[in-house]
Amino acid sequence: MKRAKKFLNRLSTIRLLLLTIAGFVNAFGITVFLSPVKLYDSGISGTSMLLSQITPDRFSLSFFLLTINIPLFIFGCKKQGKLFTLYSLYAVAMYSLGAWLITDVLPIDVSFVSPLAGNDLLLCALFGGIISGIGSGMTIRFGGAIDGVDVMSVIFSKRLGVTVGTFIMAYNVILYIIAGLIMDSWILPLYSIVTYGAGLKMIDFIVEGVDRSKAAMIITTKPDEICSELTATFECGITIIPVKGGYSGDNKTMIYFIVNRFQISKMRDIVHDVDSGAFITITEVADVFKANIDK
C-alpha cells in the first residue's frame, strides 16, 4: 500500500497535461495529413494505420494503437520502469482518443483527402511528419514514449547485436516494403519515408533543442591562468581534471567547460592567448542540468 502511494505521489499533473497535448498533437498530424491519403507513420503507429486500411471498418486506427501498443509497453515495464510505462500508456491512450475524436466525432471529413493539404502527397508527408514528430518529441521530453517499437528496440537490439536506431530503421523499412507489396504501389511508401525523415528531425528538435550547448575540453599546462580568464569573461563554473599525456608522460590539466555556439570563437582566442600549445576539442551536449542543492 505504501509503495503504491509513493508511486502515485511521483506522478506529475503537469506532465500528464503535457502528455495529453502530445497525444492530441500526434493524432492531428496522423489523421488530418497522413491517413486520408494513405501515407504511413513509422513504428507501431504506421503498422496500425496499415492494418486499419486492410481490415473491416470496425477495426479502427484507435483500436490497433491500443491493442498493439499496450502489450508492448507492459512487456517492457521491467526494463523501462513503472513510471515510464504509465506515462507511455497514458500518451498512447490520448493519441488513440484524439484519433477517434477527429475521425468519428468532430465534423471534419478525413475519409478521402486531407482537409488542409488536399491530395498533395508531399505537403501531407512533410506536415504529417512534422506534426506527429512534435507529438512524439513532447512525449519523450516529458518522460514517456508514444510508440511501442521504441520499447522493442531497447529490449531486442542488444540481443540482435544492433543499435537501437538500426533496429527502429530496420522495422520501418520492413513496414514500408510490406505496405508497398500489399498496396501494389511504391509511391505511398516512398513518400512515407519523407514523413519518417521529417518526424525524426522534429523529434530531435523537441527533445534536444535548436541551440545545443557545446562542451569544451581543454588540455593545458596553464590551468590557473586559463580558468581565471574564462571565469572573468563568461561568469560560469569550470571543472578541472588532472590528466597525464599518454605519449609524453607529462602531467597536464583538462578543463571541462560548457559554452554555446556564439562563445566558441571567443573561448578559443582566450585559451590560445594564454597557452598557444593548448589542445581543445568541442563536442555537442543535448542537455545541461544543474543539481539542486537547496535543502
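Structure: above.
Residues numbered from 1 in each chain as written. Predicted model: local features only at pLDDT ≥ 70, side-chain atom pairs only at ≥ 80, totals over all residues. Heavy atoms only, no water.

Peer 1: Would you mind going over the sheet that holds strand S2 (residues 239–244) with me for this structure?
Peer 2: In a beta sheet, neighbouring strands are held together by backbone hydrogen bonds and run either parallel or antiparallel to one another. Reading across the sheet, the 4 strands line up as S2-S3-S1-S4 and stay open at both edges, with antiparallel pairing between neighbours. Looking at the sheet topology across the chains shown, the edges are occupied by S2 and strand S4 (279–285). Pairwise comparison of adjacent strand axes, ignoring direction, gives a mean angle of 25 degrees for this sheet. Strand direction decides the pairing type here: strand S1 (residues 213–220) and S4, joined by 7 bridges, are antiparallel. Residue pairing in the sheet places Met217 in a bridge with Thr281 of S4. Of the strands in this sheet, S1, S2 and strand S3 (251–259) are in contact with helix H11 (residues 223–234), which crosses S3 at around 10 degrees. (Pairing = 2+ DSSP bridges. Helix = DSSP H or I, 4+ residues; strand = E, 2+ residues; numbered from the N terminus. Axes fitted to C-alpha atoms, helices over the stretch in contact; angles between N-to-C directions. Contact = heavy atoms within 4.5 Å.)

Peer 1: Whenever I open this one, a nonpolar patch on the surface confuses me. Can you help?
Peer 2: On the surface, a nonpolar cluster with roughly 690 Å² of combined accessible area is contributed by Met169, Val173, Ile177, Leu181, Trp186, Leu190 and Ile193. Counting only elements with at least two residues in the nonpolar patch, the list comes to helix H9 (164–183) and helix H10 (187–208). When residues of the nonpolar patch are assigned to their parent elements, the largest contribution, 4 residues, is made by H9. Take Met169: it is sitting in helix H9. Owing to a relative accessible area of 46%, Met169 belongs among the partly exposed residues under this scheme. (Patch = residues over 30% accessible without salt bridge, like charges linked within 9 Å, V, L, I, M, F, W, Y side chains within 5 Å. Areas by Shrake-Rupley, 256 points an atom, 1.4 Å probe, with all protein chains shown as cover. Salt bridge = Lys/Arg side-chain N within 4 Å of Asp/Glu carboxyl O. Buried < 20%, exposed > 50% of the residue type's maximum accessible area, 1.4 Å probe, protein only.)

Peer 1: I keep staring at the packing of helix H4 (residues 61–75) against helix H6 (residues 82–105) and nothing clicks. Help me out?
Peer 2: When two helices pack together, their arrangement is given by the angle between the helix axes and by the axis-to-axis distance. Two elements in contact, H4 and H6, have axes whose closest approach is 9 Å; the angle formed by their N-to-C orientations is 175 degrees. Accordingly, the angle class assigned to the pair H4 and H6 is roughly antiparallel. Of H6, the residues touching H4 (which contributes Leu61, Ser62, Leu65, Leu66, Asn69, Ile70, Phe73 and Ile74) are Phe84, Thr85, Ser88, Leu89, Val92, Ala93, Tyr95, Ser96, Ala99 and Trp100. Considering only residue class, the contact of H4 with H6 consists of 13 nonpolar, 5 polar and no charged. (Parallel < 35°, antiparallel > 145°, perpendicular 65-115°, else oblique. Nonpolar A, V, L, I, M, F, W, Y, C, P; charged D, E, K, R; others polar.)

Peer 1: For this particular structure, what's the right way to read the nonpolar core?
Peer 2: Residues Ile30, Leu39, Tyr40, Met49, Leu61 and Tyr95 are the most contacted members of the largest nonpolar core, which totals 32 residues. Looking at this core, the elements with two or more residues in it are helix H2 (13–34), helix H3 (43–54), H4, H6, helix H7 (121–141), H9 and H10. Beyond its immediate sequence surroundings of up to four residues, Tyr95 is in contact with Gly23, Asn26, Ala27, Ile30, Ser45, Leu65 and Ile146. Listed in part, the 14 residues of the second largest apolar core include Ile218, Phe234, Met267 and Ala278. (Core = buried A, V, L, I, M, F, W, Y, C linked by side-chain atoms within 4.5 Å.)

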